[in-house]
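Given next are the chains, with one letter for each unit.
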Amino acid sequence: MCGAKQWMAGACVGVVAAAGLASSGSEYCRLSKLEWAMLRANLDEHDDGEVAHYDPETGRALLNFPKDRGVDYQHMRLEIDIPDMNTPRWSASQSLVFTPIAQPLRELRLDAHLLEIESVSASGRSASFDHDGEVLTVRFDPPIAKGQRCELVTAYRLSDPPDGLFWTPESDAWPGRPAQIHTQGQPETNSYWFPCHDFPNERLTTELIVTVPTGFEVSSNGRLLSRSSEEGRDTFRWLQDGPHPNYLVSMIVGKFDIVDLGTDELPAPVYVPPGRGDDVVATYGNTMRMVDVFEKAFDERYPWDRYAQLVVWNFGAGGMENTSATTMFGTAIYGEEHTDDTDLDGLIAHELGHQWFGDMITCRSWQHIWLNEGWATYTESIWFEARDGRDGYDADTLTNFDRVTDRDEANWPHQQPMASRQYRHPWEVFRREANPYPKGASTLHMLRRKLGDDVFFAGVRRYVDEHKFGEVETADFRRSMEAASGESLERFFHQWVFRPGVPRLEIETSWQPNGSGGRLSVDIEQTQNIDDDNPAFWFELPVHVYFEDETEPEIVTIECDTRSSSIEISLLRAPEMVIVDPDLHVLAELTIEQPATRWLAQLDRGPTLASRIQAARHLVDTGGPDAGGALESAARDASLHRKLRQECVLALGARDDARAIGHLVNAGLDDAYVRADLVVAIREMGERALEGDEEAPLETHAELLATLEADATSEAVRRAALEAIGALSLDGLADRVLAAASVESLHDRVRAGAIQAIGDLQMREGLDVVARHARPGTNNRTRALAIETLVTLAEHDPERVFGVVREIYETDRERRSINAAGQGLVDLGDARGVAVLEARAENDRDRFTRERASEWAEELRAAIEEGEAAGAD
């Protein structure tokens, strides 16, 4: 179906997610982590996902396997002394208790990036060490016997690490903002602040004893054993006595309002910036209800001593599920005035779900990350089912389906499956086209549909009981589900976990009447790539046949395992509706051909939210005026689920039904999410008009966008409207854009929308405001956007723009801004940028930063040489 793929509900990933309206917490978490991946691992945003299977020079297989453990790590005690929160340097002593597993231990290798190792000692023997800046190698004399307990004590200093631990001193650019430290260990970066086995296949208990200037709070994993004060210094002692992987160890130091939403049995403190305590309930008020829902679903009590959520400055991701203490991004706090267009329940549920899946049960290697992220994403669906009923569950499931079908192609071996040991850097597993977040959740949903609720949750509870506080691979989960169900599930997991792609189905239903009724034919064609490496998918596709005045359908299940499948059904009368897969049994892209009358009936009376959305999408290309009227009516209906109303708006936009869209804009719809999709619809109509050189319709689009940009009740709608104004080059609204750049808003979203529009409109008069917000003192995500926009405005004042971008790249502390500035130097094409980039490539302490700078320098040099050659020709 030509229209459906272009606009269907992820349709607005760029616009709606940017507007702050994405309901999926996993999407926020995933996109933020992917952004951080590209900052740290030299990953190309536009990479096609292909990964080499071997090194053609050497013939070596490019596969990743879990690290050897060698020893059983039992406990880490880490003592840290921070004299000055504005000087990013500390001294520390680490005690690491372990026992060799299989044979005497002569040498132990620990990841220890850029730490200044001062001394190493071991109980009962001498120990010598080497440190190459990345690995600490300790040699024991005599060797430590198998099973013998050893305590290794390492004294070291830390100095402003580039990763793993992020230090934000006070700054004149942020008057009154206290200094702060936060850590981020996933995937393998906690070794930037303490020596460790930095891989998820080992667990240990941890104890952090941290001394800081009085007035600062310290949070870590587990429970606070003590807090003492002496001479202007406070010491906090935290103990996590349930074993967990090193990448989940957390430490945060700062000044906060702390509001506890929990109970005496389970504290649930929320740490937010000073002065924001009154907003905690509006944002995080459902946390304890979520705990109750998950405990009942998994038949497993919350596994840790407390559940803290901490909002920190300059956080690189959306949220990070550190054991018992989730870290949240810096503006993840809002008041009642924002609840109409902001909902962080998805993200909150996602990170809470990780406390069971990811923390209590951890993937043994990054190959199986879907067991962490897919499960956490699915806990969002479980929460929305509890909060909003079946429609809430279906809406979230369909969102996950859409996110998968939009990118996941059946193209092995060039495209990797969800679980694959082929990657260049661990971050890459988080960004596959067969993405572990939505595809993992979709796989769990399909398994639930296949087995039924009782058997599915019995299997999940068995899995939890068998593997809690341990490491798992996909086969472990499969075996638990097989034991509970009695079914062989190897084919299921092979297809959905270990091969890429999804079925893409063209389905035709036709009715042939005869004297005593007739025959209904259903023909199915798998149109995705099918070849020797990518055979046809196997699935059972349910078709529900409804008759007028009857509420119970006749259900036919079609088993498909070849390119083409079909079935004929004898019926006594013509069906009113023929609904394909209304309960989302199969993760597939569906293009269905049937009469418009059936689609109209399905939109109005389909038995599930998913079936009605399916009808809305197919009415893009059929149904005439009746379809437009039905879609508009549904979009207006406040009794319908928000996602169906959004889909109807998007369908009207895809139909270029400007009249209906205008009616809806002027109607002042009650739901900000639906109004935001009105912006998307107008923007896409306008873009098509521009492609067809149709200038006249843009006047109408400008009027509608002006109405939405003036939305006083939704900052998110305003941002989307501002971005649309820029995308459609509506210069007549430039004054509105410039005014919006000074508006303060949640997540700084109005200003961000204005900055984007300033760049798209090439507003010379916006240069000052963009340059101002490119510098420290602005939200770090907005800063990155401002730097990118500044580069696009360079023709108006190239010398000034180069100077600002160069200064940021050379002096800034915020990783997003550094990355945007580095790319900006390349995009500016100024030959002076080569020396700037080469200086960092030669001198930066961090290997990843050096590699990134070197690649940028080479890219810029090549572009300059190419330009010179073209000029010579």
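This report concerns the structure included in the present document. Just so you know, these numbers come straight off a predicted model, no measurement behind them. Each chain carries its own residue numbering, running from 1 in the written order of its sequence. pLDDT decides what is reported in this predicted model: residues at 70 or higher carry local features, side-chain atom pairs at 80 or more are listed and counted, and totals for whole chains, interfaces and linings draw on all residues regardless. Where side-chain values are given, they derive from all heavy atoms of the structure, hydrogens and water being excluded.

What about the sheet that holds strand β27 (residues 577–580)?
Then step 1. Pairs of strands are assigned from DSSP output, requiring at least two bridges between the strands. Helical segments are the DSSP runs of H or I of at least four residues, strand segments are the runs of E of at least two, and each set is numbered from the N terminus. If you walk across this open sheet you meet the three strands as β25-β24-β27, and the pairing is antiparallel. Where the open sheet ends on each side, the last strands, each with one partner, are β25 (554–560) and β27. Put simply, the sheet's adjacent strands are angled 20° from each other on average, direction ignored.
Then step 2. Two elements, strand β24 (residues 539–546) and β25, share seven bridges in a ladder whose sense is antiparallel. Bridging from a neighbouring strand, Pro542 pairs with Thr557 of β25. Lines fitted to C-alpha atoms define the axes here, with helix axes fitted over just the stretch in contact, and angles between the N-to-C directions of these axes take values from 0 to 180 degrees.

Quick notes on the side chain of Thr183
Then step 1. Following the sequence through the fold, Thr183 ends up in strand β9 (residues 180–183).
Then step 2. Think of a polar contact as two N or O atoms within 3.5 Å of one another; within protein, one of them needs to be a possible hydrogen donor and the other a possible acceptor, and neighboring residues in sequence only count if both atoms come from side chains. Within the structure, the side chain of Thr183 is placed 3.0 Å from the backbone nitrogen of Met251, a separation counted as a polar contact.
Then step 3. A contact between two residues is defined here by any heavy atoms of the two lying within 4.5 Å. If sequence neighbours within four positions are ignored, Thr183 has contacts with Gly164, Leu165, Asn190, Trp193, Val249, Ser250, Met251 and Phe315.

Quick notes on the nonpolar core
Then step 1. Counting residues in each nonpolar core, the largest one holds 247 residues, and the members touching the most others are Ile82, Trp90, Trp193 and Met251.
Then step 2. In terms of residues, this core owes the most to one element, helix α7 (residues 370–405), which gives 12 residues.
Then step 3. Setting aside chain neighbours within four positions, we find Trp90 in contact with Ile80, Asp81, Ile82, Tyr156, Arg157, Leu158, Leu165, Trp167, Trp193 and Met251. Residues belong to a common nonpolar core when they are buried Ala, Val, Leu, Ile, Met, Phe, Trp, Tyr or Cys residues joined through side-chain atoms within 4.5 Å. Each residue is assigned to one of three classes by its accessible area relative to the maximum for its type, calculated with a 1.4 Å probe on protein chains only: buried under 20%, partly exposed between the two thresholds, exposed over 50%.

Notes on the packing of aromatic side chains
Then step 1. Two rings belonging to Phe, Tyr or Trp (six-membered ring only in the last case) form a pair when the distance between their centres is within 6.5 Å. Interplanar angles under 30 degrees mark stacking, angles over 60 mark edge-to-face geometry, and anything in between is tilted. One pass over the structure, following the stated rule, counts 33 aromatic pairs.
Then step 2. Taken together, a centroid distance of 5.5 Å and an interplanar angle of 85° make the contact between Trp304 and Phe469 edge-to-face. Taken together, the residues span a long stretch of sequence, with Trp304 in the loop between α5 (287–298) and β17 (308–311) and Phe469 in the loop between α9 (453–467) and β21 (470–472) at a distance of 165 residues.
Then step 3. Its relative accessible area of 6% is what places Trp304 among the buried residues.
Then step 4. On the accessibility criterion, Phe469 (32% relative accessible area) is partly exposed.
Then step 5. Note on geometry: a ring has a charge over it if NZ (lysine) or CZ (arginine) is within 6 Å of the ring centre and within 35 degrees of the ring normal. Across from the ring centre of Trp313, 5.0 Å away, lies the NZ or CZ of Arg177, which sits over that ring.
Then step 6. Lying over the aromatic face of Tyr673, Arg642 brings its terminal NZ or CZ to 3.8 Å of the ring centre.

Focus: the pattern of salt bridges
Side-chain pairing between opposite charges can occur once the charged atoms of the two side chains come close.
Then step 1. Note on definitions: salt bridges are taken to be side-chain nitrogens of Lys or Arg within 4 Å of carboxyl oxygens of Asp or Glu. Scanning the model with the defined rule gives 69 salt bridges in all.
Then step 2. Here the residues in one salt-bridge network are Asp343, Asp345, Arg387 and Asp388, joined through shared partners.

Some details on the sheet that holds strand β7 (residues 150–159)
Then step 1. Spatially, seven strands are ordered β4-β7-β2-β1-β10-β13-β12 in an open sheet, and the strand pairing comes out mixed. This sheet does not close on itself; its edge strands, each paired only once, are β4 (116–122) and β12 (223–230). Each adjacent strand pair in this sheet contributes to an overall mean axis angle of 15°, direction not counted.
Then step 2. Pairing analysis gives 10 bridges linking strand β2 (residues 89–100) to β7, with the strands arranged antiparallel. Directly across from Leu96, in β7, lies its bridge partner Leu152.

Some remarks on unusual backbone geometry
Then step 1. In this model, Asp141 is joined to Pro142 through a cis peptide bond whose omega is 0°.
Then step 2. Positionally, Pro142 belongs in strand β6 (residues 135–144).
Then step 3. Following Gln186, the chain continues to Pro187 via a peptide bond in cis, the omega torsion being 0°.
Then step 4. Along the chain, Pro187 turns up in the loop between β9 and β10 (204–213).
Then step 5. Backbone geometry places Glu231, a non-glycine residue, at a positive phi of 55°.
Then step 6. You can see Glu231 is positioned in the loop between β12 and β13 (233–244).
Then step 7. Here the phi dihedral of Leu584 falls at roughly 60°; this positive angle occurs in a residue that is not glycine.

Concerning a negative patch on the surface
Then step 1. A surface patch of like charges, here negative, comprises Glu788, Asp827, Glu855, Glu858 and Glu859.
Then step 2. By residue number, the principal contributor to the negative patch is helix α27 (residues 847–872), which donates three residues.
Then step 3. Mapped onto the secondary structure, Glu855 falls in helix α27.
Then step 4. The class of Glu855 is partly exposed, set by a relative accessible area of 43%. Patch rule: a residue counts if its relative accessible area is over 30% and it has no salt bridge; like charges are joined within 9 Å, and nonpolar side chains (Val, Leu, Ile, Met, Phe, Trp, Tyr) within 5 Å. Residue-level accessible areas treat just the shown protein chains as cover; the underlying method is Shrake-Rupley with a 1.4 Å probe. The charge count includes Lys and Arg as positive and Asp and Glu as negative, but it does not include His or the ends of the chains. A single reference atom marks each charge: NZ on Lys, CZ on Arg, CG on Asp, CD on Glu.

Quick look at the environment of Ile569
Then step 1. Its location among the elements puts Ile569 in strand β26 (residues 564–571).
Then step 2. A relative accessible area of 9% means that Ile569 is categorised as buried.
Then step 3. Placed 20 residues apart in sequence, Ile569 and Asp549 show a C-alpha to C-alpha distance of 20 Å.

Let's talk about helix α16 (residues 658–667)
Then step 1. Buried residues of α16: Ala660, Ile661, Gly662, Leu664 and Val665, and no others.
Then step 2. Positive phi appears at Gly668, one or two residues downstream of α16, with a value of about 60°.

Brief notes about the environment of Thr551
Then step 1. Note that Thr551 resides in the loop between β24 and β25.
Then step 2. Separated by 54 residues in sequence, Thr551 and Arg605 have C-alpha atoms that sit 9.9 Å apart.

A short note on the pairing of β9
Looking along a regular strand, one sees side chains alternate from face to face of the sheet.
Then step 1. Here β9 shows a buried face lined by Gln180 and His182 and a second buried face lined by Ile181 and Thr183.
Then step 2. Summarising the sheet, strand β8 (residues 165–168) and β9 pair through four bridges and their orientation is antiparallel. Across the sheet, residue Trp167 finds its bridge partner in β9, namely Ile181.
Then step 3. In the sheet, β9 pairs with strand β14 (residues 251–254) via two bridges, with the strands oriented antiparallel. Note that in β14 the partner of Ile181 across the bridge is Val253.

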